[in-house]
Amino acid sequence: MVDGLHEVDWAALEHAYGSAEDVPAMLTALRSADPAERKTALDSFYGAVHHQGDVYRSTTASLPFLFDFAVDPGTPGRAGIVGLLVSIGREAVARAEPGDGEEFGPLNYAGAAAVVRARAAVFGGFVAEDDPEVRRAAVPALGLFFDDGERAAAMLRARLIAEPGVAERLLVVETMATLALRLPGCAAGAVVWFDGIAGDAGVDATTRLAAVVHRFRVEPGDGLVPVVLGLLRGMAQASELSGFLDASPGRVTASGGGAPPQIVAAFTELVRHHQVHTPATTVLRTLHQALEGRVAERTALLAEQLRSPDPGARLDALRMAEDLMTTWRGDHTTLVLLVAGHLGEADHGIAAEAAATLEKCHAIAEPAREALAAFVAGHGTTAWGASEPELRRAYQEAVRALAHFGDGRAVPILLAALDDDVDGWRAIDVAGSLGQAAAEFVPRLCDHLRRVDLAGQWARMSAQPLLSALSGLGDAAAVPCVADVLAAAVRHEQNDVACAALTTLTAFGLAAAPALATIRSLTGAGDSQVRAAAVVALQSAGGPAETLARELLAGDLWFQLTAAADVLGAIGTPAAAALPRLWELLTHSYDWVRLHCAAALWDIDGSPVVLDVLLTAWEKNPAAAPFVVGCLGRMGDAAGPALPMLRAELARPRRDDFGSIHADEELLRAIREIV
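Predicted model, so just to flag it, every value in this text is computed and none were measured. (Residues numbered from 1 in each chain as written. Predicted model: local features only at pLDDT ≥ 70, side-chain atom pairs only at ≥ 80, totals over all residues. Heavy atoms only, no water.)

Chemist: How would you sum up the packing of aromatic side chains? Please name residues and give values.
Modeler: If you walk through the whole model with that rule in mind, you get 8 aromatic pairs. With centroids separated by 5.7 Å and ring planes inclined at 50°, the aromatic side chains of Trp193 and Phe194 adopt a geometry described as tilted. We classify Phe194 as buried; its relative accessible area is 0%. Centre to centre, the rings of Trp592 and Phe627 are 6.5 Å apart; their planes meet at 80°, and the pair counts as edge-to-face. Taken together, the residues Trp592 in helix H32 (residues 591-605) and Phe627 in helix H34 (residues 625-635) connect sequence positions 35 residues apart. Classification of Trp592 as partly exposed rests on a relative accessible area of 21%. (Phe/Tyr/Trp six-rings, centres within 6.5 Å; stacked < 30°, edge-to-face > 60°. Buried < 20%, exposed > 50% of the residue type's maximum accessible area, 1.4 Å probe, protein only. Helix = DSSP H or I, 4+ residues; strand = E, 2+ residues; numbered from the N terminus.)

This is the structure we're talking about:
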């Protein structure tokens, strides 16, 4: 029994999943003699009481007990508890905003921050312990929570000398930068310390590299990258290599048995993305983050990383290259070619990462097309199902990248994958880009679609990619199959699948006319989203949709309002009777309703007044850019006042977080055409 644990009114507190009544059991289990039970308890605490970094009142109420556990030498697994305390404190200190009203809700950042700061000295004791895992977990606290900067800096200087491991020394150097950034009075001393480490030939090169990088974080300047390049070359010549770890994360099982392969693959990719194969990788990632949009310098740095004799360093560099290209705009031709050069690596794990990077960045990867094709041709036609996992992944990603280019050399391989149903879902994902082979793909995709169990748990995940692929191919031969699936989805109350099928029929336009009867029957569906999607599909297929759209426009559901506005805008001038309601909705509280109604007003009435609505919405919500730009493209010269905003978007160096690199490149292309 933990003293005082049941004196807390846990039932009055909450965590991410409701009542905090289960917290005492988690806390008690953290002291269990059974390692498996402790791990389960720690995972549960992170998942509920510290969910995705959130700090609740129940989290704050747990802190005294966690501190008691951590300071008791008899507590097993203390390092995990110390790490939990540091994580809670880090989030609490970073997100605490006194007076923000959190005292009235379940969150309690300020309260938790006060508790952790008041006990900062406890972490100083942990840092001096013999247990290396406890020390490692506690060191970040010196930079995060100590108000006595001189004392914290002195402890960090002592720890750098005492720590035998490179990973521990890197953590000490990083923590000194954290301290200096939080307490500016410590910055000058930290810079001198960093310079001393960087110039000390007796210190290992990785720690010297960390000193150079973290000095830049504290005192940014020029000339950093050449220094780092010199250190990297020195590390290579001195063979300060880590030894390559297996690139494959192994088989990862998603929660819930029988999950589709897409879900299992997503979990596997998540594990793979967080793997680190050399001690220097964490430092270099920090450097790339600090350099931000300095694309040329980062490309030069990545070129050196990709030439490393350490295969693990090259693998990690490929992932950093992907991060650069997907986050920052610019001419990435050099980097694309550098990545493509690793397709020929003898280690299939590196080749797979190179191919995966090019597949994810296919919107700008055209310069690598022939290298991808050569890699595919070099492995014949059967490597799609290769027994060696990383060769299989490399080959599949290379074929998928070719498919994104619309390259016909991918067609026979993808057709075979569909016929044999070997990782067919990976073929389905890209089949829609190969319209020239629609006559071959459509029968196969329809066959797969008909076999989807629409009564099953994963119907949406199986059906939607197939429907999306058929939309991309645009072959009207698929209309009867899509209409049948639509009717079956409605019978099984799979409304998401029904909406996806209606969206596919909408993409077929007038060619979907044979499905008009089925579409029309759903314009009165009980599900409001199905009803809205049916009205859109009806108009696209040539059916009488104006009256139905005006009925939707009279309601108050935002997705019906936007669908109705789109339909009326597509009808154009004959829908003029809807103008008063559309003007009224320009004052709606939701951005997207205002946007769609403004676009409809232009399409019906040609009123340039809506330009202000479009640009204001875009300025407020960057995610609106593709929709706004689409409307501006239809406005012609009337969109002239938008030119400064369009040019500003072209000049913006960072891609938005909410979209894909493909969507961003499409946006830039559309803007250039308008300008």
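Chemist: Which residues make up the layout of surface pockets, and what values do they have?
Modeler: Regions of empty space are outlined by a rolling probe, equal in size to a water molecule, passed over the atoms. The volume enclosed by the second largest pocket comes to roughly 440 Å³. Along the walls of the second largest pocket sit Arg90, Pro140, Leu144, Leu171, Glu174, Thr175, Thr178 and Arg217, which together make up its complete lining. Sorting the residues of the lining of the second largest pocket by element identifies helix H7 (132-144) and helix H9 (166-182) as the ones contributing at least two each. In terms of residues, the lining of the second largest pocket owes the most to one element, H9, which gives 4 residues. Here the residues of the lining of the second largest pocket sort into 3 nonpolar, 2 polar and 3 charged. (1 Å grid on protein atoms, 1.4 Å probe; cavity = no way out; pocket = protein on both sides within 12 Å on 5 of 7 lines; lining within 4 Å. Points joined across faces, edges and corners; volume = space filled by probe spheres on them. Nonpolar A, V, L, I, M, F, W, Y, C, P; charged D, E, K, R; others polar.)

Chemist: Could you give an account of helix H3 (residues 57-71), with specific residues and numbers?
Modeler: Think of an α-helix as turning once every 3.6 residues; residues three or four places apart then point the same way. For H3, with 15 residues, the first-to-last C-alpha span of 22 Å sits near the 21 Å given by 1.5 Å per residue. At Leu63, H3 is bent by approximately 35°, the largest bend along its length, and proline Pro64 sits one to four residues beyond. The complete set of buried residues in H3 reads Ser58, Thr59, Thr60, Ser62, Leu63, Phe65, Leu66, Phe67, Phe69 and Ala70. Buried residues in H3 make contact with strand E1 (14-15), helix H1 (23-29), helix H2 (35-49), helix H4 (78-95), helix H5 (109-118) and helix H6 (120-127). (Expected span 1.5 Å × (residues − 1). Bend = angle between axes of the 7 residues up to and from the residue. Contact = heavy atoms within 4.5 Å.)

Chemist: Before we move on, could you go through the packing of H7 against H9 and cite the residues and values that matter?
Modeler: Between two packed helices, what matters for the description is the angle formed by their axes and the separation of those axes. Contact pair H7 / H9: the axes reach a minimum separation of 7 Å and the direction vectors enclose 20°. The angle between the axes of H7 and H9 places the two elements in the roughly parallel class. Both H7 and H9 take part in a crossing whose hand is right-handed. When H7 is examined against H9, the residues Arg136, Val139, Pro140, Leu142, Gly143 and Leu144 are found in contact with a partner set consisting of Glu168, Leu171, Val172, Thr175, Thr178, Leu179 and Arg182. Looking at the contact of H7 with H9 residue by residue, the classes come out as 7 nonpolar, 3 polar and 3 charged. (Axes fitted to C-alpha atoms, helices over the stretch in contact; angles between N-to-C directions. Parallel < 35°, antiparallel > 145°, perpendicular 65-115°, else oblique. Left-handed = near helix turned anticlockwise from the far one by under 90°.)

Chemist: Could you give an account of helix H10 (residues 187-198), naming the residues involved and the relevant values?
Modeler: Taking 1.5 Å of rise per residue, the 12 residues of H10 would be expected to cover 16 Å, and the 16 Å separating its terminal C-alpha atoms lies within 8% of that figure. Buried within H10 are the following residues: Ala187, Ala190, Val191, Trp193, Phe194 and Ile197. Taken around the axis of H10, the buried residues stretch over an arc of 165°, which confines them to a single face. Opposite the buried face of H10, at more than 90 degrees from it, the exposed residues are Ala188 and Val192. Tucked into the core, H10 has its buried residues touching helix H8 (149-162), H9 and helix H11 (205-218). (Arc of directions from axis to C-beta.)

Chemist: Before we move on, could you go through unusual backbone geometry and cite the residues and values that matter?
Modeler: Although it is not a glycine, Asp423 sits at a positive phi angle of roughly 50°. Positionally, Asp423 belongs in the loop between helix H21 (411-420) and helix H22 (424-431). On the accessibility criterion, Asp423 (23% relative accessible area) is partly exposed. Of note, the phi angle at Glu493 is positive, near 60°, even though the residue is not glycine.

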